[in-house]
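Notes for the structure review
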Amino acid sequence: MKKNSSVIEKAKEHFGAVLAEQLERVERMKAGDAWTDYKKLRPVIIGVCPGDGIGREISKHSRRVLEHMLTKEREEGSVEFCDVPGLTIENRAKHKKAIPNDVLKAIKQCHVILKGPTTTPQTGDKWPNIESANVAMRRELDLFANVRPVKIPREGINWIFFRENTEGAYILGSRGIDVTPDLSVDFKVITEQGAHRIIRMAFEYAKENRLRRVTVVTKANVIKSTDGRFSRVAKRVAEEYKEYGIESDEWYIDIMTAKLLDPARRKDFQVLVLPNLYGDILTDEAAELQGGVGTAGSANIGKKWAMFEAIHGSAPRMVTEGRAIYADPFSMIRAGEMLLRHIGFAEKAARLDMALAVCGQFEKKLVMTGRGNGSTGDEMTAYLLDWIDRADLEAAWKKYTKENT
Ligand code: IPM
Ligand code: MG
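Residues numbered from 1 in each chain as written. Chains lettered and ligands numbered in written order. Predicted model: local features only at pLDDT ≥ 70, side-chain atom pairs only at ≥ 80, totals over all residues. Heavy atoms only, no water.

Notes on the nonpolar core
- Within the largest apolar cluster, 74 residues are counted, with the highest numbers of intra-cluster contacts made by Phe162, Ile199, Val273, Phe308, Leu352 and Leu384.
- In terms of residues, this core owes the most to one element, helix H13 (residues 346–362), which gives nine residues.
- By size, the runner-up hydrophobic cluster in this structure holds 18 residues, among which are Ala98, Ile99, Ile113 and Trp305. (Core = buried A, V, L, I, M, F, W, Y, C linked by side-chain atoms within 4.5 Å. Buried < 20%, exposed > 50% of the residue type's maximum accessible area, 1.4 Å probe, protein only. Helix = DSSP H or I, 4+ residues; strand = E, 2+ residues; numbered from the N terminus.)

This is the structure we're talking about:
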């Protein structure tokens, strides 16, 4: 008994410190930063962190596409690319930090970041068990909205996921405790402010894009405090958007994963908003339906900074098996498309979006398999660049879209 009370005291102390930090974070959210106005920035600095594993390969291709599409802006000096080295597993392991201090400083000097996948160590592998660089960057830059589009034109599917990115089961994922050799406890956090800002962003997106439905995904029937709060906030926000003809429904995560596989129902979903871990899982499933996680990109948006990345990890096995050149660069190029849109180049982004659809979904003159029997990332990027520059891109895209829907 006596032994128990001392471990409980120690755990309480840890929990107290965690709560104090979270309450401070709530105060920071209440104070809030102003949104960056990219139109007022000259130059807009795009930092590139290649990451590791296949990241080194596929981020190179995405950068090549962006540099090509921003040739004029680079010459005029309104956009600048900046290398941010050091976000590699070797360097992070050396410093025993998710993001070494000097790397974080360099990242903060950029306005937006194009980030390749980074290896996330786990118990038992050869790296020190440091926190995920993704999770750390999302927290440090307060990138609260992880926006992940998935499109399957031939099925009329156009989903956009708003995954909460700074709370849920993730924010304290490296702060759980082994209370005794037999008992481990993790913490899950959802705040009023954190839920509200992501849910509002999802509804605003629906309003701006004249969409009619926002789907909220939780497990509020079982996880009553945190998911219960997310659900309550969503119901309140939904009320405000009824006058715009936007309807809202709530699904539990388990049945939602099933419904994404239901061809009769899935095209009815439009905007989905969900806490961190559910968003992580559901977006991998959605991406697989689109053609694989290698085709899906995402935006991590905060008020001050934004970071754009593939939705998948660094696939170290592809590298050890010598297959990195066969890794699909479309996930990182899609991230680039979202970056262009975010900093104010909507027309260029639309062009890139069309080229991605023509090459990846319609014409498919080249196909990637992740192996030597398919194309390389380099070839795929050249194919895409060729379409980007073609005068008939829009006409071809329209024709294909019509034929396929
Ligand atoms: C993602 C990834 C990351 C996450 C990993 C690499 C830490 O799976 O962006 O979805 O879990 O968020
Ligand atoms: Mg994931």
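A few points about the site of ligand 1
- In the vicinity of ligand 1, the contacting residues are Thr120, Ser132, Asn134, Arg138, Arg148, Arg163, Tyr170, Asp280 and Ile311.
- Arg138 is positioned such that a nitrogen or oxygen atom in its side chain is 2.7 Å from an oxygen atom of ligand 1.
- Within the contact set of ligand 1, an oxygen atom lies 2.7 Å away from a side-chain nitrogen or oxygen of Tyr170.
- Across the complex, the protein chains shield 85% of the 320 Å² of accessible surface that ligand 1 would expose by itself.
- Tallied by class, the residues present in the shell around ligand 1 amount to two nonpolar, three polar and four charged. (Near = heavy atom within 4 Å. Polar contact = N/O pair within 3.5 Å; in protein donor to acceptor, adjacent residues only side chain to side chain. Areas by Shrake-Rupley, 256 points an atom, 1.4 Å probe, with all protein chains shown as cover. Nonpolar A, V, L, I, M, F, W, Y, C, P; charged D, E, K, R; others polar.)

Points about the pattern of salt bridges
- Counted by the stated rule, this structure contains 41 salt bridges.
- Across the pair Lys72 and Glu73 runs a salt bridge whose closest N-O atoms are separated by 3.9 Å.
- By relative accessible area, which is 7% here, Glu73 ends up buried.
- Two residues, Arg390 and Asp392, come together in a salt bridge whose shortest N-O distance is 2.9 Å.
- Residue classification places Arg390 among the partly exposed residues on the basis of a relative accessible area of 29%. (Salt bridge = Lys/Arg side-chain N within 4 Å of Asp/Glu carboxyl O.)

Things to note about helix H2 (residues 55–69)
- Over its 15 residues, H2 extends 21 Å from the first C-alpha to the last, a length consistent with the 21 Å expected when each residue adds 1.5 Å.
- Every buried residue of H2 is listed here: Gly55, Glu57, Ile58, Ser59, His61, Ser62, Arg63, Val65, Leu66 and Met69. (Expected span 1.5 Å × (residues − 1).)

Here we look at helix H10 (residues 276–290)
- Between the first and last C-alpha of H10 there are 21 Å, a value that for 15 residues agrees with the 21 Å anticipated at 1.5 Å per step.
- Within H10, burial applies to Asn276, Tyr278, Gly279, Leu282, Thr283, Glu285, Ala286, Ala287 and Gln290.
- With its phi angle positive at about 140 degrees, Gly291 sits one or two positions after the end of H10.

Here we look at the state of the cysteines
- The full count for this structure, using the stated rule, is zero disulfides.
- Cys110 carries a free sulfur, and the closest cysteine sulfur to it, the one in Cys82, is 4.3 Å from it. (Disulfide = S-S within 2.5 Å.)

Points about the pairing of strand S8 (residues 213–218)
- When you tally the buried positions in S8, you get six out of six residues, the bulk of the element.
- Burial of the side chains of S8 extends over both faces: Arg213, Thr215 and Val217 are buried on one face and Val214, Val216 and Thr218 on the other.
- Here S8 pairs with strand S9 (residues 247–252) via six bridges, running parallel. By the bridge assignment for S9, Thr218 is matched with Tyr252.
- Tracing the backbone out of S8, into helix H8 (residues 226–241) and back to the parallel element S9 gives a crossover that is right-handed. (Pairing = 2+ DSSP bridges. Right-handed = clockwise from strand over helix to strand, strands pointing away.)

Side note on the packing of H2 against helix H12 (residues 330–342)
- Axis separation between H2 and H12 bottoms out at 8 Å; the angle between their running directions is 35 degrees. Once H2 is placed against H12, the crossing between them reads as right-handed. Taken together, the residues of H12 that come into contact with H2 (itself represented by Ile58, Ser59, Ser62, Val65, Leu66 and Met69) are Ser331, Met332, Ile333, Gly336, Leu339 and Leu340. (Axes fitted to C-alpha atoms, helices over the stretch in contact; angles between N-to-C directions. Left-handed = near helix turned anticlockwise from the far one by under 90°. Contact = heavy atoms within 4.5 Å.)

Quick word on unusual backbone geometry
- A cis amide bond links Arg42 with the next residue in sequence, Pro43, at an omega value of -5 degrees.
- With respect to the helices and strands, the residue Pro43 is situated in the loop between helix H1 (2–31) and strand S1 (44–49).
- Positive phi, normally seen in glycine, also occurs at Arg210, with a value near 50 degrees.
- Within the secondary structure, Arg210 is located in the loop between helix H7 (192–208) and S8.
- Phi is positive for Ala315, which is not a glycine, with a value near 45 degrees.
- Along the chain, Ala315 turns up in the loop between strand S12 (306–310) and helix H11 (316–320).

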